[in-house]
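# Architecture and fold: a report
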Amino acid sequence: QVQLVESGGGLVQAGGSLRLSCAASGSIFSIAAMGWYRQAPGKQRELVATITSGGLTNYADSVKGRFTISRDNAKNTVYLQMNSLKPEDTAVYYCNAQGLEGTGLPFNYWGQGTQVTVSS
């Protein structure tokens, strides 16, 4: 089993910044990719950003130039620095991790979600 614990959400005014963190723990052999997704009320969950173990990143067009994803492989932790936040960034943000457990079996886990609210 692998557990993902998120932190860093909250309420911020438009134009402000927040930093999300997600730490993976448990029976982990390797983590190939970690990422952030978000789901606003009444909408489907959507990709925000992902990062591979080698540091390759992918961003949704809506956050390019404002959000930065990074990763500390030694700590199995992924971060999302969010700058110039807009009201439309308001959503529950979920961490995702994909890799191999200590048993060698593949895994794909989600965090519990953290609320980000941007006021206008």
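As the structure is a computational prediction, the values presented were derived from the model and not from experiment. (Residues numbered from 1 in each chain as written. Predicted model: local features only at pLDDT ≥ 70, side-chain atom pairs only at ≥ 80, totals over all residues. Heavy atoms only, no water.)

## Digging into the side chain of Glu-101
What counts, and what does not: Numbering goes from the N terminus for both helices and strands, where a helix is a DSSP run of H or I of at least four residues and a strand is a run of E of at least two. Relative accessible area decides the class of each residue, using a 1.4 Å probe on protein chains only: under 20% of the type maximum gives buried, over 50% gives exposed, and in between gives partly exposed. Just so you know, the count uses Lys and Arg for positive and Asp and Glu for negative, and it drops His and the chain ends. Counted as salt bridges are all cases of a side-chain nitrogen of Lys or Arg within 4 Å of a carboxyl oxygen of Asp or Glu. Contacts described as polar in this section are N or O atom pairs within 3.5 Å, which, within protein, must combine one atom able to donate a hydrogen with one able to accept it, while residues neighboring in sequence count only if both atoms come from side chains. We call two residues in contact when some of their heavy atoms are within 4.5 Å.
Relative to the elements of secondary structure, Glu-101 occurs in strand S9 (residues 91–101). Summary of buried charges: Glu-101 has no salt-bridge partner, and the nearest side chain of opposite charge, Arg-71, is 15 Å away. There is a polar contact of 3.0 Å between the side chain of Glu-101 and the side chain of Tyr-109. Excluding residues that lie within four positions of it along the chain, Glu-101 makes contacts with Gln-1, Val-2, Ser-27, Ile-28, Phe-29, Phe-107 and Tyr-109.

## Overview of the state of the cysteines
Selection criterion: The disulfide criterion used throughout: a pair of cysteine sulfur atoms within 2.5 Å.
A complete count under the given rule lists 1 disulfide for this structure. With its sulfur 2.1 Å from that of its partner, Cys-22 forms a disulfide with Cys-95. Here the disulfide of Cys-22 and Cys-95 is left-handed, its torsion about the S-S bond being about -80°. Within this pair, whereas Cys-22 is found in strand S3 (residues 18–26), its partner Cys-95 is found in strand S9, the two being separated by 73 residues in sequence. Both residues of the pair, Cys-22 and Cys-95, belong to the buried class.

## Here we look at the pattern of salt bridges
In this structure the tally under the stated criterion is 4 salt bridges. With a closest N to O distance of 2.8 Å, Glu-46 and Arg-38 form a salt bridge. With a relative accessible area of 36%, Glu-46 lands in the partly exposed category. Residues Arg-38 and Asp-89 are paired through a salt bridge, measuring 3.0 Å at the closest nitrogen-oxygen approach. In this pair, Arg-38 is assigned in strand S4 (residues 28–39) and Asp-89 in the loop between strand S8 (77–82) and S9, connecting sequence segments 51 residues apart. Counted as one network, the salt bridges with shared partners bring together Arg-38, Glu-46, Arg-66 and Asp-89.

## A look at unusual backbone geometry
Although it is not a glycine, Asn-76 adopts a positive phi angle of roughly 50°. By the element assignment, Asn-76 lies in the loop between strand S7 (67–72) and S8. One non-glycine residue, Ser-84, adopts positive backbone phi at about 50°. For Ser-84, the location among the structural elements is in the loop between S8 and S9.

## Concerning the sheet that holds S3
What counts is decided by this rule: Paired strands, in this sense, are two strands between which DSSP finds at least two bridges. Note on geometry: axes are C-alpha line fits, over the in-contact stretch for helices, and angles between N-to-C directions span 0 to 180 degrees.
Strands sit in the order S1-S3-S8-S7 across an open sheet of 4 strands; the sheet is antiparallel. Looking at strand neighbours, the two that pair on one side only are strand S1 (2–7) and S7, the edges of this open sheet. The sheet shows a mean angle of 15° between the axes of neighbouring strands, direction not considered. When S7 meets S8, the two strands line up antiparallel, connected through 6 bridges. Bridge assignment links Ser-70 to a residue of S8, and that residue is Tyr-79.

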